[in-house]
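Architecture and fold: a report
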Amino acid sequence: MGLFILLAGSLAAIGSQNPDDGGVPVHLVVTAEGKSLPPIQAADVMVHQGSGRATVRDFVPLEGDRAGLQLTLLIDDGLNTNLGSQLGDLKKFIIGLPSSTEIAIGYMRNGSAHMTQTWTADHTQAMDALRLPTGTPGIDASPYIALSDVIKKWPQSDKRREVLMITDGVDLLGGPPPQDPYLDEAIRDAQRAGVIVFSIYYRGEGHAGHSYWRINWGQNYLSQLSEETGGEAYWQGFGNPVSFSPYLEDLGEKLKHQFLLTFLAKPEKKAALEPVKLHTELHHVELLSADKVYVVPQP
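Residues numbered from 1 in each chain as written. Predicted model: local features only at pLDDT ≥ 70, side-chain atom pairs only at ≥ 80, totals over all residues. Heavy atoms only, no water.

A short note on the sheet that holds strand E6 (residues 112-120)
In plain terms, the rule: Pairs of strands are assigned from DSSP output, requiring at least two bridges between the strands. Put simply, DSSP H or I for four residues or longer makes a helix, DSSP E for two residues or longer makes a strand, and each gets a number counted from the N terminus.
Spatially, E6-E5-E4-E7-E8-E9 is the arrangement adopted by the six strands of the open sheet, whose pairing is mixed. If you trace the sheet from one side to the other, it starts and ends with E6 and strand E9 (233-234), each paired once. Sheet analysis places strand E8 (residues 195-201) next to E9, joined by two bridges and oriented parallel. Directly across from Ile200, in E9, lies its bridge partner Tyr234.

This is the structure in structure tokens:
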């Protein structure tokens, strides 16, 4: 493959080179999903930007010396303290991550993330940073404001950047559904930074933990967040899952089958998020990614 150079020190999905063939190169992390995945080449991938088809330049598996990943685990501090029954699964997941993965641990409260562990490749140290949530009803206020806070403070890196949120998804500050400005802003922040967001639904303490209306919209918001950033939302009905293990195993498999896509995007006059759709004709293969990329026109 030769040496692959990441521009601006980041895997963010932005155009950052000289225009070529009417477009600027854009990088986008893609997850391949399917049973018994075949080898996937750049020629197997089709990218549509708006109504037009974009030129695909490269589709590189993120493995070996390109396997670097920074994963942030964000836990809602307002969750029921019975989350303690899931800490064993979380610790098993963390300790089983490959050495190329750096992990950080944070607890969401009062619209920000309080980090108990910054990004480290010492998985035992990260595992020890886990604790029970406080279980204080409403202490998180808005998980989406906290997510934006993490993304904006995340240092640039030449590694993939992904998030696993454990929360009820309820936003006490976002106003009446279906519109939530803080959710929309968090999605835009993630798409601009090239951050993929996964989520596991878990009930909060207090009224939010037994209000069907709030539970329903919390799950809808988490599904939208993960869908539009290229991740996956995990939930089991309106209650707490018996075990996180199946979700974490699925997440682990997804992280093993990610690629860096480079394609030529058509820029607008100003930097903007542009809608994209990915497709492949390979049988039983799906390509998951953010549904918008940040494209910066060249001077």
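Next comes the rest of the description.
Points about the side chain of Thr31
In plain terms, the rule: Exposed residues in this analysis have more than 50% of their type's maximum accessible area, buried residues have under 20%, and partly exposed residues fall in between, with area computed by a 1.4 Å probe over protein chains only. Definition of a polar contact: a pair of N or O atoms within 3.5 Å, with one able to donate and the other able to accept a hydrogen when the atoms are protein atoms, and with sequence-neighbouring residues admitted only if both atoms are side-chain atoms. Every residue pair with non-hydrogen atoms within 4.5 Å of one another is taken to be in contact.
Here Thr31 lies in strand E1 (residues 24-33). We classify Thr31 as buried; its relative accessible area is 0%. In terms of polar contacts, Thr31 uses its side chain to reach the side chain of Gln258, at 3.0 Å. Setting aside chain neighbours within four positions, we find Thr31 in contact with Gly230, Lys254, His257, Gln258, Glu286, Leu287 and Leu288.

Observations regarding the environment of Arg203
Structurally, the position occupied by Arg203 is in the loop between E8 and helix H5 (212-229). Along the sequence, Arg203 and Glu249 sit 46 residues apart, while their C-alpha atoms lie 21 Å from each other.

Structural notes on the pattern of salt bridges
How we decide: For this document, the term salt bridge refers to a Lys or Arg side-chain nitrogen within 4 Å of an Asp or Glu carboxyl oxygen.
Overall, the coordinates contain twelve salt bridges when judged by the stated rule. Asp77 is paired through a salt bridge with Arg131; the nearest N and O atoms lie 3.1 Å apart. Here Asp77, found in the loop between strand E4 (69-76) and helix H1 (87-95), pairs with Arg131, found in the loop between helix H2 (123-127) and helix H3 (143-153); they are 54 residues apart in sequence, far enough to count as distant. Asp189 serves as the salt-bridge partner of Arg192, at 2.7 Å between the closest nitrogen and oxygen. Of the two residues, Arg192 and Asp189 both sit in helix H4 (residues 181-193), three residues apart, roughly one turn of that helix. A relative accessible area of 33% places Arg192 in the partly exposed class. Through salt bridges with shared partners, one network takes in Glu33, Glu232, Asp250 and Lys254.

Shape descriptors only; they carry no functional weight alone.
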